[in-house]
Amino acid sequence: MSSNAPFLKLEAASFHEVGFGSIAEVDLEVNAGELVVVHGPQGAGKAVLVRGCLGFVAAKSGSVSLFGTPLRGLVHEELLTVRRRCALSSASAPLLSNQNVRENLLLPLIMRGVSEKAADARVDEVLALFQLTAAAWVRPEDLLPGDRDLARLARALVVPADLYILDDPSFPLAARKEFFDKIHGGAAALVVVRYPQYFPEATRAIDLGDRSTSG
Amino acid sequence: MLSTVALLVAAVRGVLRLPPAARTVLRRMTFRQILFTGVEAVPIVALIAATVGILVILQSASALPDFGQAEFMGRLLVLLIGKELGPILVAFVVASRSGAAIAAELSTKKTRGEIDGLEGVGVDSLAVLVFPRVVGVAVAVASLTVIFNAVAFFAGFSFAALSRASLTMVGLWTTLFHAMELADIGVAMSKSVFMGTAIAGICAKHGLAAGRSSTEVPIATLRAVVSAIVACVLIEIVVTALTVDLGALTR
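Residues numbered from 1 in each chain as written. Chains lettered and ligands numbered in written order. Predicted model: local features only at pLDDT ≥ 70, side-chain atom pairs only at ≥ 80, totals over all residues. Heavy atoms only, no water.

A. Geometry of the packing of aromatic side chains. Residues and elements named next belong to chain A. On inspection of all chains with the given rule, the structure shows nine aromatic pairs over all chains. The interplanar angle of 85 degrees and the centroid separation of 6.5 Å between the aromatic rings of F171 and F199 together place this pair among those described as edge-to-face. Here F171, found in the loop between β7 (163-167) and α6 (173-184), pairs with F199, found in the loop between β8 (188-193) and β9 (204-207); they are 28 residues apart in sequence, far enough to count as distant. Assessed through its relative accessible area of 13%, F171 is described here as buried. Pairwise contacts between aromatic rings join F130, F171, F179, F180 and F199 into one cluster. For R51, the ring lying beneath its charged end belongs to F20, and the centroid distance is 4.5 Å. Its guanidinium or amino end placed over the ring of F199, R176 lies 4.8 Å from that ring's centre, counting from NZ or CZ. (Phe/Tyr/Trp six-rings, centres within 6.5 Å; stacked < 30°, edge-to-face > 60°. Helix = DSSP H or I, 4+ residues; strand = E, 2+ residues; numbered from the N terminus. Buried < 20%, exposed > 50% of the residue type's maximum accessible area, 1.4 Å probe, protein only. Lys NZ or Arg CZ within 6 Å of the ring centre and 35° of its normal.)

B. Layout of the packing of helix α4 (residues 73-112) of chain B against helix α9 (residues 216-243) of chain B. All names here are of chain B. Viewed as axis vectors pointing N to C, α4 and α9 meet at an angle of 150 degrees, and their least axial separation amounts to 8 Å. The angle between α4 and α9 falls in the class roughly antiparallel. Once α4 is placed against α9, the crossing between them reads as right-handed. Residue classes in the contact of α4 with α9 are distributed as 15 nonpolar, six polar and three charged. (Axes fitted to C-alpha atoms, helices over the stretch in contact; angles between N-to-C directions. Parallel < 35°, antiparallel > 145°, perpendicular 65-115°, else oblique. Left-handed = near helix turned anticlockwise from the far one by under 90°. Nonpolar A, V, L, I, M, F, W, Y, C, P; charged D, E, K, R; others polar.)

C. Up close: the nonpolar core. In this structure, A:F130 and A:F179 are the most contacted members of the largest nonpolar core, which totals 109 residues. Residue contributions to this core peak at 14 residues, all from helix α6 (residues 125-163) of chain B. Excluding residues that lie within four positions of it along the chain, A:F179 makes contacts with A:L35, A:L157, A:Y164, A:L166, A:F171, A:A189, A:V191 and A:F199. Counting 37 residues, the second-largest nonpolar core is a separate cluster that includes A:L10, A:C86, A:I165 and A:V192. (Core = buried A, V, L, I, M, F, W, Y, C linked by side-chain atoms within 4.5 Å. Contact = heavy atoms within 4.5 Å.)

D. Expanded view of a nonpolar patch on the surface. Residue and element names in this part refer to chain B. The grouping of L222, V226, V230 and L234 at the surface amounts to a nonpolar patch, some 390 Å² of accessible area in total. You can see L234 is positioned in helix α9. The exposure class assigned to L234 is partly exposed, which follows from its relative accessible area of 49%. (Patch = residues over 30% accessible without salt bridge, like charges linked within 9 Å, V, L, I, M, F, W, Y side chains within 5 Å. Areas by Shrake-Rupley, 256 points an atom, 1.4 Å probe, with all protein chains shown as cover. Salt bridge = Lys/Arg side-chain N within 4 Å of Asp/Glu carboxyl O.)

E. Main features of unusual backbone geometry. Residue and element names in this part refer to chain A. The phi dihedral of F67 falls on the positive side, at around 55 degrees, and the residue is not glycine. Topologically, F67 is positioned in the loop between β4 (61-66) and β5 (69-70). Looking at F67, the relative accessible area reads 3%, which means it is buried.

F. Broad picture of the interface of chain A and chain B. Each partner contributes residues to the interface: chain A has 32 residues there, and chain B has 29 residues. Across the chain A to chain B interface the summed buried area is about 2,600 Å²; carbon plus sulfur atoms make up 56%. Taken as a group, A:E77, A:L96 and A:M111 account for 23% of the area that chain A buries against chain B, more than any other trio of residues on that side. Where chain A touches chain B, the interface holds six salt bridges. (Buried area = accessible area lost by both parts, 1.4 Å probe.)

Structure representation (structure tokens):
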């Protein structure tokens, strides 16, 4: 693992997963302080790309590296070590249904060694940013669909990660500011959206429709 | 079986890597599992225990004197109820009740992607979802076995004392305690802990092996319960074979 290595690097990576579609030969690099936007129409393979970046689906060909560590052949424990530096928000990876929103946000913090008191304070702060304070004690299943998406995004943002991988995020204004503060502070993000206009601040934008790169 | 052992080892390693604050959360999850598997199962376990206790003790009390073996009744009850029937019947109840629940819950989480959601924010799903269930079920099976034996003996002795004037509660309990050895309790508890660990481990393995289709939930649950029951039978046979005095059978 090299300290100067890109946070995320895909070289001619192809993925296929039943239920999530396929995507072929993607080249992608996300470095510290960068926000890379991948956009494309429905069915372009955005969901499977997000899953492939974290090793939930293995690349059929090509390679995927997180923080300089190739994901191919890693066992669960090794995968977890690199995933610990990441935070994912995706509709394909929802919150735990048997815990309320607050517990869902507390869990990744406490599992990273944050004290209960500090974790409580951080969760309160993030819930307020996402205007979810009133929904803190509600289980995800009982939330409105829009709030459920926000809660998922809040769980990713509550974590002090190096790389944020966000599938179709929609930030409230205050949370958006905190997200960009993290990027300016040296974190990186791969954001997957349908329309790139949502993130004009992107360092690079990659169009899965015609696979052209701009930025 | 090897994959279940590998899963358990991975879960324990995951817990050992966790910071101390995280272990407090796991302890809470384990208590919740003990509550569900142990405390909530007490009524059904007590009912089965009372039935088994009454039937076995009544039959023994009526048949053994006919063969001139009445003095061996205490030892027979310790071996039959305490060491053999208690652990295995409790394990069957727990496998069909909590084992099914664990497999169904974990396979549902898997099909919905909740486990990917956890791992996507760097949480070890095996440490959080498997370890507390395994410890909770093992503790619950051992505790339920103690309750099973207590209820079985109490119900059986009460029924026997009421139905036969020659038998008294004090006499029956005295016979039982004289016949009981520390090793009997050790064997029964070891079986219970092994069975509890096997039930939770096997059911977690089947639950986590489910794919993304919701039709896999009932399949995983069914396979988990059947495999857990088979594992409990094997543990019962192996531990009994290792601890029983086989030489006595041929004498």
